[in-house]
Amino acid sequence: QVQLVESGGGLVQVGGSLRLSCAASGNIFRVNAMGWYRRTPGKQRELVAVISSGDSTNYADSVKGRFTISRDSANNGRVYLQMNSLKPEDTAVYYCNAGVQSWGMGYENDFWGQGTQVTVSS
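Residues numbered from 1 in each chain as written. Predicted model: local features only at pLDDT ≥ 70, side-chain atom pairs only at ≥ 80, totals over all residues. Heavy atoms only, no water.

1. Let's talk about the overall build of the chain
Across its full length, the chain carries 0 helices and 11 strands. Secondary structure elements in the chain, listed N-terminal to C-terminal, are β-β-β-β-β-β-β-β-β-β-β. Against the compact-globule benchmark of 14 Å for 122 residues, the chain has a radius of gyration of 14 Å, which places it among compact chains. Dimensions of the chain, computed from C-alpha atoms along their principal axes, come out at roughly 50 × 25 × 20 Å. Of all 122 residues assigned to the chain, the portion counted as buried reaches 40%. For the chain, the share of sequence-separated contacts (at least 6 apart) that also reach a separation of at least 24 residues comes to 56%. Put simply, the chain shows about 6,300 Å² of open surface, and 46% of that area lies on carbon and sulfur atoms. Charged side chains in the chain number 11 positive and 9 negative. The centres of these two groups are separated by 2 Å. (Helix = DSSP H or I, 4+ residues; strand = E, 2+ residues; numbered from the N terminus. Rg over C-alpha atoms; globule rule 2.2 N^0.38 Å. Buried < 20%, exposed > 50% of the residue type's maximum accessible area, 1.4 Å probe, protein only. Contact = heavy atoms within 4.5 Å. Areas by Shrake-Rupley, 256 points an atom, 1.4 Å probe, with all protein chains shown as cover. Lys, Arg positive; Asp, Glu negative; His and termini not counted. Charge placed at Lys NZ, Arg CZ, Asp CG, Glu CD.)

2. Focus: the state of the cysteines
By the definition in use, this model includes 1 disulfide. Between the sulfur atoms of cysteine 22 and its disulfide partner cysteine 96 the distance amounts to 2.1 Å. Note on the cysteine 22 and cysteine 96 pair: the S-S dihedral is about -80°, so by sign convention the disulfide is left-handed. Separated by 74 residues along the polypeptide, cysteine 22 in strand 3 (residues 18-26) and cysteine 96 in strand 9 (residues 92-101) bring together distant segments of the chain. (Disulfide = S-S within 2.5 Å.)

3. Regarding the sheet that holds strand 7 (residues 67-71)
Taken together, the 4 strands give an open sheet; going across it, the order is 1-3-8-7, and neighbouring strands pair in antiparallel fashion. Each having just a single partner strand, strand 1 (2-7) and strand 7 make up the two edges of the open sheet. Neighbour-to-neighbour, the strand axes of the sheet open up by a mean angle of 15°, direction not taken into account. Two strands pair when backbone bridges link them, and strand 1 and strand 3 are joined in this way by 6 bridges, in the antiparallel orientation. Counted as the bridge partner of leucine 4 is alanine 24 from strand 3. (Pairing = 2+ DSSP bridges. Axes fitted to C-alpha atoms, helices over the stretch in contact; angles between N-to-C directions.)

Taken by themselves, the reported measurements are silent on function.
Now the structure itself:
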């Protein structure tokens, strides 16, 4: 089994910054794409940012220029989300996601973290 653990959420004022971290552990042969999603009450979970194993990135239009996703160069299953110029509409529970191939498996499975709350106060 694989576990993803997020950290770094919290309360911040408008215009402030936060850095989210996510670490994967467990039965890991290879970590492929990793990403961050978020969900607010009454809305579906939405993609925030994703990074491939080759470090290609993609962002939601709403966060482009403010958020930066990165991962450890060793591709050891750690991904980060630097969030700057935060707005009240960024308030959400943020979830880490990873595509992981485990030892003994010939395919990739999708794993999710438990989520971390980010609250931006005005």
